[in-house]
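Structure at a glance
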Amino acid sequence: MQDAFRLPALSTSVAEARRLVVLRLCSWGARQEMCDNAELVVSELFTNAVRHTSSEEVRCTMQLMGKRLRLEVADQGCARTEPQARSVSVDQEGGRGLMLVEALSEAWGVRPDANGTGRAVWAYLA
């Protein structure tokens, strides 16, 4: 099972991305834990694409393969640096999103997007 959607690269689109992922996973009969984890992961990846790139839209693809979900969020414009989980101090307001993705995923990574101008960040969830 697979699905994909595109949304404008706006902060208001993050909530819509979460809603669409959860709605699709529920229609596929996914367990609640997978829905919850996917909701958090897509929120972090979509937020990063909106905040740190010059994209006009962001694309999300999801593929359920047995008990494993592959999520991918692709942007249109490259950020200055490649996404990576990093340690932050307790008083910093942000910067923990990819640590959360890393904790909830079996694996995650970054690849150039098929269109050649952006990149795609993917994650596998059990």
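In this report, the structure presented in the accompanying data block is examined.

Rules used throughout
- Residues numbered from 1 in each chain as written.
- Predicted model: local features only at pLDDT ≥ 70, side-chain atom pairs only at ≥ 80, totals over all residues.
- Heavy atoms only, no water.
- Salt bridge = Lys/Arg side-chain N within 4 Å of Asp/Glu carboxyl O.
- Helix = DSSP H or I, 4+ residues; strand = E, 2+ residues; numbered from the N terminus.
- Buried < 20%, exposed > 50% of the residue type's maximum accessible area, 1.4 Å probe, protein only.
- Core = buried A, V, L, I, M, F, W, Y, C linked by side-chain atoms within 4.5 Å.
- Contact = heavy atoms within 4.5 Å.

What follows covers the pattern of salt bridges. Per the counting criterion, the structure on display carries 7 salt bridges. Across the salt bridge formed by Asp 3 and Arg 24, the nearest N and O atoms sit 2.8 Å from each other. Here Asp 3, found in strand E1 (residues 2-8), pairs with Arg 24, found in helix H1 (residues 13-27); they are 21 residues apart in sequence, far enough to count as distant. Relative accessible area serves as the criterion here: at 27%, Asp 3 is assigned to the partly exposed category. Given a relative accessible area of 31%, Arg 24 falls into the partly exposed group. Note that Glu 106 is salt-bridged to Arg 68, the shortest N-O span being 2.7 Å. One end of the pair, Glu 106, is in the loop between helix H3 (97-104) and strand E4 (107-112); the other, Arg 68, is in strand E3 (residues 68-74), and 38 residues separate them in sequence. Residues joined in a network through salt bridges with shared partners are Arg 70, Glu 72 and Arg 111.

A few words now on the nonpolar core. Phe 5, Val 21, Leu 25, Phe 46, Leu 69, Leu 71 and Val 73 are the most contacted members of the largest nonpolar core, which has 31 residues in total. Of all elements in the fold, only E1, H1, helix H2 (32-52), strand E2 (57-65), E3, H3 and strand E5 (119-125) reach the threshold of two or more residues within this core. Looking at which element gives the most residues to this core, the answer is H2, with 9 residues. In this view, Leu 25 contacts Ala 30, Met 34, Cys 35, Ala 38 and Leu 69; residues no more than four positions away in its chain are not counted.

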